[in-house]
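Fold and contact review
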Number of protein chains: 2
Amino acid sequence: MSYTAPLKDMLFDIEHLANIAEVAKLPGFEDAGLETAQAVLEECARFNQDVIAPLNVEGDRAPSSFKDGKVTTTAGFKDAYAQYAAGGWQGIQHPADFGGQGLPKTIGAACTEMLNSANMSFALCPLLSDGATEALLMAGSDELKATYLEKLVAGEWTGTMNLTEPQAGSDLALVRSRAEPQPDGTYKVFGTKIFITYGEHDMAENIVHLVLARVSGAPEGVKGISLFIVPKFMVNKDGSLGDRNDVHCVSIEHKLGIKASPTAVLQYGDHGGAVGYLVGEENRGLEYMFIMMNVARYGVGLQGIAVAERAYQAAVAYAKERVQSRPVDGSIKASAPIIHHPDVKRMLMTMRAYVEGCRAMASVAAAAYDAAHKHPEADTRKQNEAFYDFLVPLVKGYSTEMSLEVASLGVQVHGGMGFIEETGVAQHLRDAKILTIYEGTTAIQANDLVGRKTMRDGGATAKAIAAQIEKTEAELAKRSSAASASMLKRLKAGREALLDVVDFVVSQAKGSPNAVFSGSVPYLMLAGNVVAGWQLARSLIIAEDLASQNNDVAFMTAKVATARFYAEHILNKAPGYRDSIVDGAESVTALALEAF
Amino acid sequence: MSYTAPLKDMLFDIEHLANIAEVAKLPGFEDAGLETAQAVLEECARFNQDVIAPLNVEGDRAPSSFKDGKVTTTAGFKDAYAQYAAGGWQGIQHPADFGGQGLPKTIGAACTEMLNSANMSFALCPLLSDGATEALLMAGSDELKATYLEKLVAGEWTGTMNLTEPQAGSDLALVRSRAEPQPDGTYKVFGTKIFITYGEHDMAENIVHLVLARVSGAPEGVKGISLFIVPKFMVNKDGSLGDRNDVHCVSIEHKLGIKASPTAVLQYGDHGGAVGYLVGEENRGLEYMFIMMNVARYGVGLQGIAVAERAYQAAVAYAKERVQSRPVDGSIKASAPIIHHPDVKRMLMTMRAYVEGCRAMASVAAAAYDAAHKHPEADTRKQNEAFYDFLVPLVKGYSTEMSLEVASLGVQVHGGMGFIEETGVAQHLRDAKILTIYEGTTAIQANDLVGRKTMRDGGATAKAIAAQIEKTEAELAKRSSAASASMLKRLKAGREALLDVVDFVVSQAKGSPNAVFSGSVPYLMLAGNVVAGWQLARSLIIAEDLASQNNDVAFMTAKVATARFYAEHILNKAPGYRDSIVDGAESVTALALEAF
């Protein structure tokens, strides 16, 4: 089952929605215009299609294995990772100061999507290294930066995030791992961390663990958590590797999906204490981790888009090839490829529309991230930051929830063959199921959306987005096509539903927290649905105009058709969400606990 | 992970919705009143909880295996099956003439649900035997009946359904297996059948294969298909087993779920021809198979309810036990069991409401089946048959689609632990994925709903159901509770949406088949949603009345709360479906084939 990067769609978003020409005006991104994007994406596509994608099925069949404290990754992974690092792909978005290419997220996001479509299990290792890199860039001392960053950015070493403990999952207040200050300024770290992605493996010579732990005497709860670097091998002054540190993998998990990605249980300090280096200041670990997590959460959203894209491609290929039954409209007088059946088209269109909608949303979010970090004007940076921060839970929550539906439809299109593991599409469903869970479940994303992203500013950012949507509606209203009229109807209803819910959240959050949080996930789904639909509305306008100028008419016509499908079959769910949230809050918590 | 049969809810449906007192008035069911139902269900619960349920996880971990033409089932299955047969469970709904207990489907359905909750992989063997039994009862000669029925009903032998071939899945017109008439009246059967559930196993001494094949010279397409019995072992005149027949298992599949259930590739006639016996008349095989399939499809719908129930129970148990984070309403000043979090309640309520709604729908369908077969008046039989036939694609399609959502939520409630296979809940999701595929995919159910069940009678049955729903609305309107008002609002909107769609289907089916079939699955989902919601509306009325009479107040209050949740969070999706179907038909098929 091959993978072909959807370059045209990615470049459409980058050019027309994310507005790369504007991104290229930001200081430091002067060379990162459309031509660069195109060149990077094409090279990235070749690498992922040829080197990484072929290992996806093998990783599922012969996952990483654990023996005597060591993890052996799937055959081929180590070599592929070496090529990945040698190609400079790990540094694509990281600063040139540390050997990176310093490209904007607007371009990097498309590369991340490709890597994850090619092989989500493989891609997790670089994703975690990105997180560790971000944490060090943000809060690491010069010495830590000097010791670790070049190696991480080069992909010579890899990174991990160590948050979870058996009793502390979503609730990091319960973290028990502890760190004892040493006279030399280092710490000794003790504790058990679970669910550590690529916590142990054989693809790189060192692993840089970022670990949450409590310094002795720190306050209880989340305010007493600090962030440490604990390298697998100590690093000598000259940068060479020294002794093995006291962190050891004691087992890896047997999982539903992403089987090639080793999920480790790590034991810190069983032999005297693991040497750890404080990142930033004591007791500010959660704050740093949150910034890292916002990066990682966006990345997980891309994983959702990525696996959905791969599932879509497989389903299309099968639907064009599998011959079964005559078309209901009599257009073919014999059994025909199943893509001729309306319900198969409905499934494929659903998959396609979700993918294009979420990709478009992620693409504009990436551009906002770039502007938030690089724009010379503080106000513009602030606006973009608020927009990006609002979108992160949508990109993470909505794109991953949709990926479950898309991957399930992918199996469904394959019928009985989809249920047979050798076909390879059940893997997409199994892989996708982790996406709504890790880096914060959908409910955790929804709490973030309700709390930090809506209540905190009294709904201002949400309303600013709604005002922008209204402008798109005004543009749609000027047009005469059936597609734009249909989109206008659904987008308007979606925006109004969203505003109703934002008002509900803002007005009820303090007095009726149960009512608001009963609808938190539906609010996230509604907001994601509407924002993705809005981006497809913008796409529709642009694509109609370009088609009328004879500009790649087939592609633009398809873009319009997909946007219209989204409006009529996905965006039209928005009012139902509003009703559930606003009218149905009480029934969520009405049942007595003992009645369950 | 234990299983406790939801006896109270089952008996509520059987007593109040399916109206067992009326069923017990049907000839032959005089002893099958509420007391019998209760006694049978309690005994059935004990057996499934104690004997069958504990094997579920083991079946997933150590599936059936294949070697040298033989299939060895999971350790414990053979013994459990012997107990199942010895307990008389195979014959529960089959005629006393052949050793069965002759109980109504109204009772039998609950038993089937329990068996499938306990262990879906195990339950498939009896389910297929039921299908073979039905086919023989309906169309078999006296000789075939005499030879096979008692053994099948006793569970000494098991049955299979052989439809699928590599090129013929949903499209049975493409069946190529052939049968050559022999001078002695038997046939020699040749061909390859795939996806044959329990096509080979070690739990019974003989396997009775029901096989679709073409008699030499038969017409092309579906009108040239006949149905045959091909026993694994020939049966001597005295009922003892004779020679091995020429049907052989060449492999079993490696599947996403239901791993303990062997899915066989069967080769017929490689050594001279498998001896087959014609069932009924030549070329009427598909017709017989369809009646069998209506039985089997209903059974698969129960499997959806069953696996969803099990997933729900596991999620509730975990949510009560797993401590994580403080409740948002400040009701507990420390980390609390996650069931205190509104979004966890929302997930649990969604699971619960789907299960109760679909169970209620299946229960009234069962009662209609009983009346359709046993009522002394032809008109009543006919009405009930039409009602049952309309409900079968809903029970099959809607209950299985919801089971995917419920099983996925079950994993979600478990967070990261849900993704670890040892937790056991990922199995529910993997198992459930087959349900929307086998015995006709959801699209095939939807074609049946549109074609045979709606167009054929010009929407008369659908409208008759809508008229009944309107009566329930009138009852709701007389009541004063908030729950009944909320239910009324959503039920009315749902019924109106359903009627709009029925009008659309009936009026457009001939002129615009693509438009109608573009919305066939959404129509099925809408109809299932509304009919299940209607049954919960009836439940709400009954439960409110019983509670007001101090009758099991806690249970009745929970029933009302669940019905209201269904109305506000599930039934409220109905108008969205209508919009998709009626306004969105064009966009489903608009994209050019080459644009995919």
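Just so it is clear, the structure is predicted and the values come from calculations on it, not from any experiment.

Here the focus is the overall build of chain A. Of regular secondary structure, chain A possesses 21 helices and 12 strands. The C-alpha atoms of chain A give 24 Å as radius of gyration, which agrees with the globular expectation for 596 residues (25 Å, within 12%). Along the first, second and third principal axes, the C-alpha set of chain A runs to 80 × 60 × 55 Å. For chain A, with 596 residues in total, the buried portion stands at 64%. Expressed as a percentage of contacts within chain A between residues at least 6 apart in sequence, the contacts between residues at least 24 apart total 75%. Accessible surface for chain A amounts to roughly 20,200 Å². Of this, 50% is attributable to carbon and sulfur atoms. In chain A, which carries 55 positive and 70 negative side-chain charges, the distance between the mean positions of the two groups comes to 4 Å.

Once that is clear, we can look at helix α1 (residues 7-17) of chain A. Residue and element names in this part refer to chain A. Of all 11 residues making up α1, 8 are buried, and the element is well covered by its neighbours. Every buried residue of α1 is listed here: Asp9, Met10, Leu11, Phe12, Asp13, Ile14, His16 and Leu17. Backbone geometry just after α1 places Asn19 at a positive phi near 60 degrees.

This paragraph deals with the relation of the copies chain B and chain A. Superposition of chain B onto chain A requires a rotation of 180 degrees combined with a translation of 0.0 Å along the rotation axis, giving an RMSD of 0.0 Å. Considering both components of the superposition, the chain copies are consistent with a two-fold axis. Comparing interface residues between copies, 99% of those in chain B also sit at the interface in chain A, which points to an isologous, same-surface contact.

A separate point is the packing of helix α14 (residues 442-455) of chain A against helix α18 (residues 520-548) of chain A. All names here are of chain A. At a minimum axis distance of 8 Å, the contact between α14 and α18 shows a crossing angle of 80 degrees. Comparing the axis directions of α14 and α18 gives the class roughly perpendicular. Between α14 and α18, the contacting residues are Thr442, Ala443, Gln445, Ala446, Asn447, Leu449, Val450 and Thr454 on the first element and Ser520, Val521, Tyr523, Leu524 and Ala527 on the second. Looking at the contact of α14 with α18 residue by residue, the classes come out as 8 nonpolar, 5 polar and no charged.

To continue, consider the UniProt feature "domain: Acetyl-CoA dehydrogenase-like C-terminal" (unreviewed entry) in chain A. Mapped onto this structure's residue numbering, the UniProt feature "domain: Acetyl-CoA dehydrogenase-like C-terminal" (unreviewed entry) falls at residues 466-591 of chain A. End-to-end, the C-alpha atoms of residues 466-591 of chain A are 35 Å apart, and along that stretch the chain is 83% helix and 0% strand.

The next thing to look at is the interface of chain B and chain A. Listed by partner, the interface residues are 86 residues for chain B and 85 residues for chain A. Counting the surface lost from both chain B and chain A, the interface buries some 7,300 Å², and carbon and sulfur atoms represent 62% of this. One salt bridge in this structure joins B:Asp579 and A:Arg490, with 3.5 Å as the shortest N-O distance. Here chain B is connected to chain A by 46 residue pairs in polar contact (both at pLDDT 80 or more). Here the side of chain B that touches chain A is built from residues that sort into 36 nonpolar, 27 polar and 23 charged.

Counting through the fold element by element, A:Leu593 comes out in the segment after α21 (585-588). Residue classification places A:Leu593 among the partly exposed positions, given a relative accessible area of 25%. Apart from the residues lying within four places of it in its own chain, the contact partners of A:Leu593 are B:Lys320, B:Ile339, B:His340 and B:Lys345.

Moving on, we get to the pattern of salt bridges. For the structure shown, the criterion picks out 66 salt bridges over all chains. Between A:Arg479 and A:Glu544 there is a salt bridge, and its shortest N-O distance comes to 3.0 Å. Of this pair, A:Arg479 sits in the loop between α15 (460-477) and α16 (482-508) while A:Glu544 sits in helix α18, and the two are 65 residues apart along the sequence. Ionic pairing is found between B:Glu421 and B:Arg430, a salt bridge with its closest N-O pair at 3.0 Å. The exposure classification of B:Glu421 matches that of B:Arg430, with both residues buried. Salt bridges linked by common partners bring A:Asp9, A:Glu113, A:Glu309, A:Arg352, A:Glu356, A:Arg359 and A:Lys559 together as one network.

Below, the discussion takes up the side chain of B:Arg359. All names here are of chain B. Relative to the assigned elements, Arg359 resides in helix α10 (residues 342-374). Assessed through its relative accessible area of 6%, Arg359 is described here as buried. In this structure the side chain of Arg359 is engaged in a polar contact, spanning 2.7 Å, whose partner is the side chain of Asp9. Within the local environment of Arg359, its side chain forms a polar contact with the side chain of Glu113, the two groups lying 2.7 Å apart. Aside from chain neighbours lying at most four places away, what touches Arg359 is Pro6, Asp9, Met10, Asp13, Glu113, Ile305 and Glu309.

The next subject is the environment of A:Met402. Residue and element names in this part refer to chain A. Its place among the elements puts Met402 in helix α11 (residues 378-413). Residue Met402 is classed as buried on the basis of its relative accessible area of 1%. Separated by 115 residues in sequence, Met402 and Phe517 place their C-alpha atoms 21 Å apart. Not counting chain neighbours up to four residues away, the residues in contact with Met402 comprise Gly304, Ile305, Ala308, Tyr354, Val355 and Cys358.

Moving on to the packing of aromatic side chains. Taken as a whole, this structure holds 25 aromatic pairs over all chains when the rule is applied. Look at B:Tyr187 and B:Phe228: their rings are 4.8 Å apart centre to centre, the planes differ by 65 degrees, and that puts the pair in the edge-to-face class. With B:Tyr187 in strand β5 (residues 187-197) and B:Phe228 in strand β7 (residues 226-231), the pair connects residues that are 41 residues apart, well separated along the chain. Exposure class is identical for B:Tyr187 and B:Phe228. Each is buried. Each member of the aromatic cluster is reached from another via a ring pair, and the members are A:Phe47, A:Phe77, A:Tyr81, A:Tyr84, A:Trp89 and A:Phe122. Looking at A:Lys105, its charged tip hangs above the ring of A:Tyr369, at a distance of 4.4 Å from the centre. Lying over the aromatic face of A:Phe29, A:Lys374 brings its terminal NZ or CZ to 4.9 Å of the ring centre.

Okay, the pairing of strand β3 (residues 157-162) of chain B next. All names here are of chain B. Burial analysis of β3 places 6 of its 6 residues in the buried class, the great majority of the element. Side chains Trp157, Gly159 and Met161 project from β3 onto one buried face, and the interleaved Thr158, Thr160 and Asn162 project onto a second face that is buried too. Bridging between β3 and strand β6 (residues 206-215) involves 6 bridges; their strand directions are parallel. Counterpart to Thr158 in the pairing with β6 is Ile207.

On to unusual backbone geometry. Even without being a glycine, A:Glu439 presents a positive backbone phi close to 55 degrees. Structurally, A:Glu439 is set in the loop between α13 (426-432) and α14. One non-glycine residue with positive phi stands out, namely B:Phe195, at about 60 degrees. Considering the arrangement of structural elements, one finds B:Phe195 in strand β5. The exposure class assigned to B:Phe195 is partly exposed, which follows from its relative accessible area of 23%.

Another aspect to go through is the packing of helix α10 (residues 342-374) of chain A against helix α19 (residues 553-569) of chain A. Residues and elements named next belong to chain A. Put simply, α10 and α19 touch, their axes get as near as 9 Å, and they point 95 degrees apart. With respect to α19, the axis of α10 lies roughly perpendicular. Residue-level inspection shows Arg346, Met349, Thr350, Arg352, Ala353, Tyr354 and Glu356 of α10 in contact with α19, the latter providing Ala558, Lys559, Ala561, Thr562, Phe565 and Tyr566.

Attention shifts here to α19(A). Under the 1.5 Å per step criterion, the end-to-end length of α19(A) is 24 Å for 17 residues, consistent within 8% with the ideal 24 Å. Within α19(A), 14 of the 17 residues are buried, which leaves the element mostly enclosed by the surrounding structure.

So, about the state of the cysteines. Residues and elements named next belong to chain B. Under the counting rule described, the total for this entry stands at 0 disulfides over all chains. Of the cysteine sulfurs around Cys111, a residue in no disulfide, the closest is that of Cys44, at 3.8 Å. With no disulfide of its own, Cys249 lies 14 Å from the sulfur of Cys125, the closest cysteine sulfur. Overall, Cys249 belongs to the buried group, its relative accessible area being 5%.

Here is what the cut-offs are and how they apply
Residues numbered from 1 in each chain as written. Chains lettered and ligands numbered in written order. Predicted model: local features only at pLDDT ≥ 70, side-chain atom pairs only at ≥ 80, totals over all residues. Heavy atoms only, no water. Helix = DSSP H or I, 4+ residues; strand = E, 2+ residues; numbered from the N terminus. Rg over C-alpha atoms; globule rule 2.2 N^0.38 Å. Buried < 20%, exposed > 50% of the residue type's maximum accessible area, 1.4 Å probe, protein only. Contact = heavy atoms within 4.5 Å. Areas by Shrake-Rupley, 256 points an atom, 1.4 Å probe, with all protein chains shown as cover. Lys, Arg positive; Asp, Glu negative; His and termini not counted. Charge placed at Lys NZ, Arg CZ, Asp CG, Glu CD. Least-squares fit on C-alpha atoms with pLDDT ≥ 70 in both. Axes fitted to C-alpha atoms, helices over the stretch in contact; angles between N-to-C directions. Parallel < 35°, antiparallel > 145°, perpendicular 65-115°, else oblique. Nonpolar A, V, L, I, M, F, W, Y, C, P; charged D, E, K, R; others polar. UniProt positions renumbered as here; feature names shortened; annotations may be inferred. Buried area = accessible area lost by both parts, 1.4 Å probe. Salt bridge = Lys/Arg side-chain N within 4 Å of Asp/Glu carboxyl O. Polar contact = N/O pair within 3.5 Å; in protein donor to acceptor, adjacent residues only side chain to side chain. Phe/Tyr/Trp six-rings, centres within 6.5 Å; stacked < 30°, edge-to-face > 60°. Lys NZ or Arg CZ within 6 Å of the ring centre and 35° of its normal. Pairing = 2+ DSSP bridges. Expected span 1.5 Å × (residues − 1). Disulfide = S-S within 2.5 Å.

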